[in-house]
Amino acid sequence: MKIYFFPHSYLRDRHLDTIRCWNSCQVINPELACRARGAQVSEKAALSGSVGRNWRQKLPLVNIKIRPKEAPIDAVIYVWGAVIATGEFIVDLDNPYSLVAYNPSAMTLWRYALSYVLRSKRCVQIRCISEACRAAVGELFGKAVLDKAIVVYPRMTQQVTNVDRLEPGGPRFLFVGTQFLIKGGAELLEAFRLVRLKIPCAQLDLVTHLSEEYASLAQQEGVQIHKANLSRSEIWSKFMRNSDVLVHPSYMESFGMVVLEAISHGLAVVANDVYAHREMVLDGENGFLLEPPVHYWSGVLAGPLFLNQFDAGNYIKRIDKTAYVKKLADAMVAVAEDPARLLSYRQKSCTYFTQMMGHRPRIEHER
């Protein structure tokens, strides 16, 4: 099989990793992954509190890509979140709404047509990056498409295989997210004040784009703010290797790559129970999952607020999160106040990561 990766203009680290990890004998255009780092949300977009919707997201359209002219006639096109108009293709999904530019109205209109294409012989494989995504594929497109879909977790090398000590002077909490509001950064800063009352030595590093609106909230003992202009390897070496707990109170996720990266480093995790997070965080075993104060998903399908995701930051500002902040603080204390328990949680993250990377789909073309 010859694989031609579709040259999307916006490829993140996990997309580049897919290209790099594929059997090099099959890949026609490996140079697509030569860039050093994947695309990131810009600082301007991150600070705006909203994301501009393009015309594909405003109109109820299917995300259809034209087969690249440069691709050999016998090549299978590997595409992320889209279908190819002609010829054979493999589709990679973080969630099936990417097929309609995250517009649930378009999914209602086109789901049966998409089901037909995905069932066809032209669609060689449907690769879902989580069990949540595969379940959504089944609910939207039916059993025939579900049977064709496989789960292939993002490939990543385990960074820490055993945790036998905690960070000195800790516990040390970590937040990584360019979109401060959508990822729950404001609530984390409020919760951390409560955490320090019970664990005075607690430390918190935030790798993010912080607006002036929250600068005073961030000026508290134990908090350090770091600009989110670092590469993945820099975040790993400077922060994840020197932290105990990732706190990821994100409201909108299609997977949660930072959570996968955290457990690969043997970090305990406190996160919202959103989409695929429960596949990486087992509540009470390697951290805690919290009920978020706002829901964009209804299970694995788009909920009533899903379209609001493009203005999520501004919407989140307006809702009462007092009770949630208290629950977040309590979860952080529960994870970190007992060193023996924290060490156990961190070691279990290592175990769960090993299990995830050992998961092999029914059909696998990677080496």
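Residues numbered from 1 in each chain as written. Predicted model: local features only at pLDDT ≥ 70, side-chain atom pairs only at ≥ 80, totals over all residues. Heavy atoms only, no water.

Q: With reference to specific residues and values, describe the pattern of salt bridges.
A: Once the charged atoms of two side chains with opposite charge are near each other, the side chains can pair. A complete count under the given rule lists 13 salt bridges for this structure. Here Lys317 and Glu213 are joined by a salt bridge, their closest N and O atoms 3.0 Å apart. In this pair, Lys317 is assigned in helix α11 (residues 312-318) and Glu213 in the loop between β9 (203-209) and α8 (215-218), connecting sequence segments 104 residues apart. Between Arg346 and Asp244 there is a salt bridge, and its shortest N-O distance comes to 2.8 Å. With Arg346 in helix α13 (residues 339-358) and Asp244 in the loop between α9 (232-238) and β11 (245-248), the pair connects residues that are 102 residues apart, well separated along the chain. With respect to class, Arg346 is no different from Asp244; both count as buried. Three or more residues joined by partner-sharing salt bridges are found here, namely Asp17, Arg20 and Arg232. (Salt bridge = Lys/Arg side-chain N within 4 Å of Asp/Glu carboxyl O. Helix = DSSP H or I, 4+ residues; strand = E, 2+ residues; numbered from the N terminus. Buried < 20%, exposed > 50% of the residue type's maximum accessible area, 1.4 Å probe, protein only.)

Q: So what's going on with the packing of aromatic side chains? Which residues, and what values?
A: Using the criterion set out here, one finds 14 aromatic pairs in the structure. An angle of 20 degrees between the planes, with centres 5.9 Å apart, marks the rings of Phe5 and Trp80 as stacked. A residue pair is termed long-range when its members are at least 10 positions apart, and Phe5 in strand β1 (residues 3-5) and Trp80 in strand β3 (residues 76-80) qualify at 75 residues. In this structure, Phe5 and Trp80 share a single accessibility class: buried. Relative to Phe180, the ring of Phe175 has its centre 6.3 Å away and its plane inclined at 75 degrees; by these criteria the two rings are edge-to-face. A single burial state applies to Phe175 and to Phe180, both of which are buried. Taken together, the ring pairs connect Phe5, Trp22, Tyr78 and Trp80 into an aromatic cluster. Lying across the ring of Tyr112, Arg111 places its NZ or CZ 5.7 Å from the centre. (Phe/Tyr/Trp six-rings, centres within 6.5 Å; stacked < 30°, edge-to-face > 60°. Lys NZ or Arg CZ within 6 Å of the ring centre and 35° of its normal.)

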